[in-house]
Amino acid sequence: MALLMAFRRWWAFVFVALLSLPALGLLVPNMPGPIRTVLAPDARWWEHASERLDPYINNAFGFRGPVLAAHRRYLRFIGSAPGTRVLDGKDGSLFLRDDNALEQSIGQLVRPQAVERLAQLARELKDRMAAIGGTFVLTLAPNAHTARFDMLPDYIREQRHQPSEYDLVAARMKRDGIAFVDLRRFLAEAATQGPIYYRYDTHWNARAALAAFNAVMAAAGQPALAIPDSEAFGAPRIRKGGDLLTVAGIPGREPPDLEYVWKPPLAGPHETTPLTGIVTAPPPEKDDYGFHAFSTGHPGPRIMVVGDSFTQGFWYNPLVYRASAAVWIHHAACEFDQGIIDRFKPDILIYAPTERFLTCKNWSRTKLPAAAPPEGG
């Protein structure tokens, strides 16, 4: 008598195939996923294998990326504790795990289509500004993971791949002739003089914001608008709290953050006049991120910034101080109202999303350009 009846033999093939999937996952190229916390088994792993080998196995099983990504989404769906959303740095500071910011910063998440979609928007905005005689500048506020790479744990830094998405954007903008400010080098220089990002918050601090503002003004052909630190800040003060402490459920941590405080006249009080008819309220189905539209009453260029939380508040004082009129609106993943450009007619337009939000909506549908033929081909 046969071990398996004929009609059940097909089921045996199905079951064997399903059981072989994890092993197959070990042979295909790595898929994007959470950072591996263990890169190799401990020495003499065969002794106390459950302690020395299991952590490596938990970091090296087949299709690890998709499995853990699905698990993370499930935990969010059921409202699990947020502790896994925050990573401890070498110096006790915290880094966000959301939005794949960590994987993006170390080059494990690279999306050429997202970069191509951003490049299309940049060319469109450059042409639009050229038509009214203005200047367009693109920049990216780096993730804290990018700007403070040396503070990431050793096991993460060892998994760095290059190029990163930031590298691809910089190369693409150079190729397309777009004025692009790679803030990584400017922030690295500023970091030699003091903190540039908060330890317990996702954002940069006012020193980094000012360094970025100055670099962008230079790229826009207005280096005289740069504001020196000595003119901008008074004595720093202690800053309690931070959004990453809240996300991690940590009441506090030492040492505290420092807040760099704007000083008069840069700090105000400012007398501005609201500009009406420039920014219209978004329809109900869209998010209202807020906006600024004002004139200052003193000479200077008309500056429009399309950004997010890294520029909305952090650049308000420099804009009031240096511009004759200014508009700030949220980028809305590249879908901001471009009609504002025609209504406001800025001299300088700055598109400045945070690195982890450089993607436009529907970026995955973007067609990649054909590869250039080899020289002499």
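Every value quoted in this text rests on a predicted model; they were computed, and no experiment measured them.

(A) Expanded view of the packing of helix H6 (residues 112-131) against helix H9 (residues 165-176). With their axes 10 Å apart at the nearest point, H6 and H9 run at an angle of 35° to one another. Handedness of the H6/H9 crossing: right-handed. Residues Val115, Glu116, Leu118, Ala119, Ala122, Arg123 and Lys126 of H6 form the contact with H9, whose own contacting residues are Glu165, Leu168, Val169, Arg172, Met173 and Asp176. Taken together, the residues that form the contact of H6 with H9 break down as 7 nonpolar, no polar and 6 charged.

(B) Structural view of the nonpolar core. Counting 83 residues, the largest nonpolar core has Leu138, Trp204, Met304, Trp315 and Tyr351 as the members making the most contacts within it. For this core, the element with the highest residue contribution is helix H11 (residues 206-219), accounting for 10 residues. Beyond its immediate sequence surroundings of up to four residues, Met304 is in contact with Val327, Ile329, Phe336, Ile340, Ile341, Phe344, Pro346, Ile348, Leu349 and Ile350. Counting 7 residues, the second largest nonpolar core, distinct from the first, contains Val86, Tyr200, Leu244 and Val247.

(C) Main features of the packing of aromatic side chains. Using the criterion set out here, one finds 9 aromatic pairs in the structure. On the numbers, 6.4 Å between centres and 65° between planes, the contact of Tyr197 with Trp204 is edge-to-face. Its relative accessible area of 1% is what places Trp204 among the buried residues. Ring centres of Phe336 and Tyr351 lie 6.0 Å apart, and the angle between their planes is 35°; on these two criteria the pair is classed as tilted. Linking Phe336 in the loop between strand S10 (325-330) and helix H15 (339-344) with Tyr351 in strand S11 (residues 348-352), this pair joins segments that are 15 residues apart in sequence.

(D) Region of the structure containing the environment of Gly134. Structurally, Gly134 is set in the loop between H6 and strand S3 (135-139). For Gly134, a relative accessible area of 19% gives the class buried. It is 9.6 Å that separates the C-alpha atoms of Gly134 and Arg302, two residues lying 168 residues apart in sequence. Discounting residues that sit within four places of it in the chain, Gly134 has contacts with Met129, Pro346 and Asp347.

(E) View of H9. With 12 residues, H9 extends 16 Å from end C-alpha to end C-alpha; this agrees with the ideal 16 Å at 1.5 Å per step. Among all positions in H9, only Glu165, Tyr166, Val169, Arg172 and Met173 are buried. The buried side chains of H9 occupy one side of the element, clustering within an arc of 130° when seen end-on. Away from its buried face, by an angle of more than 90 degrees, H9 presents the exposed residues Lys174 and Arg175. The inward-facing, buried residues of H9 contact helix H5 (101-105), H6, S3, strand S4 (180-181) and helix H10 (183-191). Immediately beyond the C-terminal end of H9, within one or two residues, lies Gly177, with a positive phi of roughly 70°.

(F) Geometry of the side chain of Gln104. One can find Gln104 in helix H5. Accessibility expressed as a relative area gives 0% for Gln104, which makes it buried. Residues in contact with Gln104, not counting those within four places in the same chain, are Leu109, Arg111, Asn143, Ser164, Glu165, Glu355, Arg356 and Leu358.

(G) Spatial organisation of the sheet that holds strand S9 (residues 302-307). Read from one edge to the other, the open sheet built from 7 strands follows the order S4-S3-S11-S9-S10-S8-S7, with strand pairing classed as mixed. At either margin of the open sheet sits one strand with a lone partner, and together these are S4 and strand S7 (273-274). Here S7 pairs with strand S8 (residues 291-295) via 2 bridges, running antiparallel. Within S8, the position partnered with Pro274 by the bridge is Phe294.

Conventions adopted
- Residues numbered from 1 in each chain as written.
- Predicted model: local features only at pLDDT ≥ 70, side-chain atom pairs only at ≥ 80, totals over all residues.
- Heavy atoms only, no water.
- Axes fitted to C-alpha atoms, helices over the stretch in contact; angles between N-to-C directions.
- Helix = DSSP H or I, 4+ residues; strand = E, 2+ residues; numbered from the N terminus.
- Left-handed = near helix turned anticlockwise from the far one by under 90°.
- Contact = heavy atoms within 4.5 Å.
- Nonpolar A, V, L, I, M, F, W, Y, C, P; charged D, E, K, R; others polar.
- Core = buried A, V, L, I, M, F, W, Y, C linked by side-chain atoms within 4.5 Å.
- Buried < 20%, exposed > 50% of the residue type's maximum accessible area, 1.4 Å probe, protein only.
- Phe/Tyr/Trp six-rings, centres within 6.5 Å; stacked < 30°, edge-to-face > 60°.
- Expected span 1.5 Å × (residues − 1).
- Arc of directions from axis to C-beta.
- Pairing = 2+ DSSP bridges.

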